[in-house]
Structures are given as structure tokens and as C-alpha cells.
Amino acid sequence: ELKVEQNPLFLSMQEGKNYTIYCNYSTTSDRLYWYRQDPGKSLESLFVLLSNGAVKQEGRLMASLDTKARLSTLHITAAVHDLSATYFCAVDMDSNYQLIWGAGTKLIIKP
Amino acid sequence: ETGVTQSPTHLIKTRGQQVTLRCSSQSGHNTVSWYQQALGQGPQFIFQYYREEENGRGNFPPRFSGLQFPNYSSELNVNALELDDSALYLCASSFGGRSSGANVLTFGAGSRLTVL
């Protein structure tokens, strides 16, 4: 059974700091997705990582995928308050149609 | 281009009742997936519909059922509601089903169900 674990589950940080969210998964997959969810709102796609070594960047966020280590990271550079949200990673099952999701990392960025 | 719309946004039911949730997919999308998101957790896959047929199912009992219509809109039906069914139900649309490559989903805002 595929399991996806994120850590930390909660992160409070100051504006201007850097930090990394980790996403580990338990079985082989080469498709990993990062989504953002604001309180009371839906999920917004951030990054799609489709191969080992894939790196995607958008603004202050950068995501990477290491399929051999079964690890993806979401790095935040010089955090700003607008990045406060819950971030989810999800892994695509090769033999099924579903995404398996981590529990989410609730990120609070203080001015 | 319209996004994914869901209705109702909030509803309250009692144990044993039945509920129907509705979803209109994004223009150009032909695949709809339903997810259950309990408070403080990640979404759990319920099932997916592609061209009006169930295309995959997660670990949910048969009292969770669905439909997809020719215009690609969809319904999620839950019979014999239990307290643990209280959650946010998310509909997501995409194009092409499983064989199209990256499974990038566009989510609706969700229907929050409370079972008393």
C-alpha cells in the first residue's frame, strides 16, 4: 500500500527566512504533485514533477523530485506572508487512477 | 473558461439519510474524480469517472456511488449516512482519463457535509 508522509505537519516561520517541506512516499512512482490549499478554499495545483531529478520553480517556491530516494522537497525562499497556506504533496499510482495524498503541511508566515 | 463548480456548498444531514452532491467539470475536461477530505487530513480518493463509466475506485463502501452525465458533469451519492461521513467532498476534473499522462486535477471549492 502506497503511503505518503509529509514533514513537518506544521511550520511557523518569519518572513524572509528559508525553509523546506519534505514529502516521502513508500513505493515506486515517478509522478508527484504539489498543491496549495488556503483556509476554506479548494486545492490549487502548484507543480507537476514527472521524472527523477525534475526541478520546477515558481516565484519563491521550488520543488524537486528524487525517485530513487522516493523523496520530493518544496523549498521556500525568503518567505512572505502571502505564502501562508497548507501545502500537500500527492503521488500518482502507476496501476490505479488515484492520487495518494500526504496529510499536508500547514505553513504560517509571520511578518 | 469556467472552472469546476460544486453544489451545495454546505449541508447538514442526519445519520441514515441519503445525500447527492453535484459537480460541473471545467470546460474541455472529460474526467471527474471525487475525493473526501476530513478535517486536518489530505484528500482520500473515492472514485473517478471517464466518459460516463467508473474508471477506478478507492477504498470506500458501495453506499458511495456516482454518475457522470454526457456533458461530463457528475454526481456523488452517499446512502445510509454515518457520522464519519462528515467531511469536505471535493470534485476534480481533468482531461483524458488515466492514459493521458500527468494526472493534473482542477478542483472545485467542495461541498462540506455535516452528519449529525
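A brief report on the enclosed structure follows. (Residues numbered from 1 in each chain as written. Chains lettered and ligands numbered in written order. Predicted model: local features only at pLDDT ≥ 70, side-chain atom pairs only at ≥ 80, totals over all residues. Heavy atoms only, no water.)

**Some thoughts on the overall build of chain A**
Broken down by element type, chain A carries 0 helices and 11 strands. Starting at the N terminus, the α and β elements of chain A follow one another as β-β-β-β-β-β-β-β-β-β-β. Here chain A has a C-alpha radius of gyration of 13 Å; the compact-globule value for 111 residues is 13 Å, and the two agree. Each of the 111 residues in chain A was classed as buried or not, and the buried ones make up 46%. Sequence separation of 24 or more characterises 53% of the internal contacts of chain A that already satisfy a separation of 6 or more. With 11 positive and 11 negative side-chain charges, chain A shows a spacing of 5 Å between the two charge centroids. (Helix = DSSP H or I, 4+ residues; strand = E, 2+ residues; numbered from the N terminus. Rg over C-alpha atoms; globule rule 2.2 N^0.38 Å. Buried < 20%, exposed > 50% of the residue type's maximum accessible area, 1.4 Å probe, protein only. Contact = heavy atoms within 4.5 Å. Lys, Arg positive; Asp, Glu negative; His and termini not counted. Charge placed at Lys NZ, Arg CZ, Asp CG, Glu CD.)

**A look at the packing of aromatic side chains**
Tallied over the full model, the rule gives 9 aromatic pairs over all chains. Aromatic side chains Phe-88 of chain A and Trp-101 of chain A sit 6.2 Å apart centroid to centroid with 80° between the ring planes, which places their arrangement in the edge-to-face category. Of this pair, Phe-88 of chain A sits in strand E9 (residues 85–92) while Trp-101 of chain A sits in strand E10 (residues 99–101), and the two are 13 residues apart along the sequence. Each member of the pair, Phe-88 of chain A together with Trp-101 of chain A, is buried. Ring centres 6.0 Å apart and planes at 80° place the aromatic pair Trp-101 of chain A and Tyr-35 of chain B in the edge-to-face group. Linking Trp-101 of chain A in strand E10 with Tyr-35 of chain B in strand E4 (residues 31–37), this pair reaches from one chain into another. (Phe/Tyr/Trp six-rings, centres within 6.5 Å; stacked < 30°, edge-to-face > 60°.)

**Digging into the nonpolar core**
Counting 27 residues, the largest nonpolar core has Leu-32, Trp-34, Leu-74 and Tyr-87 of chain A as the members making the most contacts within it. Per-element tally for this core: the top contributor is E9 of chain A, with 4 residues. Once residues within four sequence positions are removed from consideration, Leu-32 of chain A is found in contact with Cys-23, Tyr-25, Phe-47, Val-48, Leu-49, Leu-65, Ser-72, Cys-89, Ala-90 and Val-91 of chain A. If you look at the next biggest cluster of nonpolar residues, it comprises 20 residues, including Leu-11, Trp-34, Ala-87 and Val-115 of chain B. (Core = buried A, V, L, I, M, F, W, Y, C linked by side-chain atoms within 4.5 Å.)

**Notes on the side chain of Gln-6 of chain B**
Residue and element names in this part refer to chain B. Mapped onto the secondary structure, Gln-6 falls in strand E1 (residues 5–7). Engagement of the side chain of Gln-6 in a polar contact is seen with the backbone oxygen of Tyr-89, the distance being 2.9 Å. Of the polar contacts made by the side chain of Gln-6, one reaches the backbone nitrogen of Gly-110; its length is 3.0 Å. (Polar contact = N/O pair within 3.5 Å; in protein donor to acceptor, adjacent residues only side chain to side chain.)

**Concerning the sheet that holds strand E8 (residues 74–78) of chain B**
Residues and elements named next belong to chain B. An order of E1-E3-E8-E7 is seen for the 4 strands of this open sheet, with the pairing classed as antiparallel. Either end of the sheet is taken by a strand with one partner, and the two such strands are E1 and strand E7 (64–68). Across this sheet, the average inter-strand angle for adjacent strands is 15°, counted without regard to direction. (Pairing = 2+ DSSP bridges. Axes fitted to C-alpha atoms, helices over the stretch in contact; angles between N-to-C directions.)

**Structural notes on the sheet that holds strand E1 (residues 4–7) of chain A**
Residue and element names in this part refer to chain A. In space, the 5 strands of this open sheet follow the order E1-E3-E8-E7-E6, with antiparallel pairing throughout. The sheet is open, and its two edges are formed by E1 and strand E6 (55–58), each paired on a single side. Adjacent strand axes in the sheet meet at a mean angle of 15° when their direction is disregarded. Alignment of E1 against strand E3 (residues 19–25), held across 4 bridges, turns out to be antiparallel.

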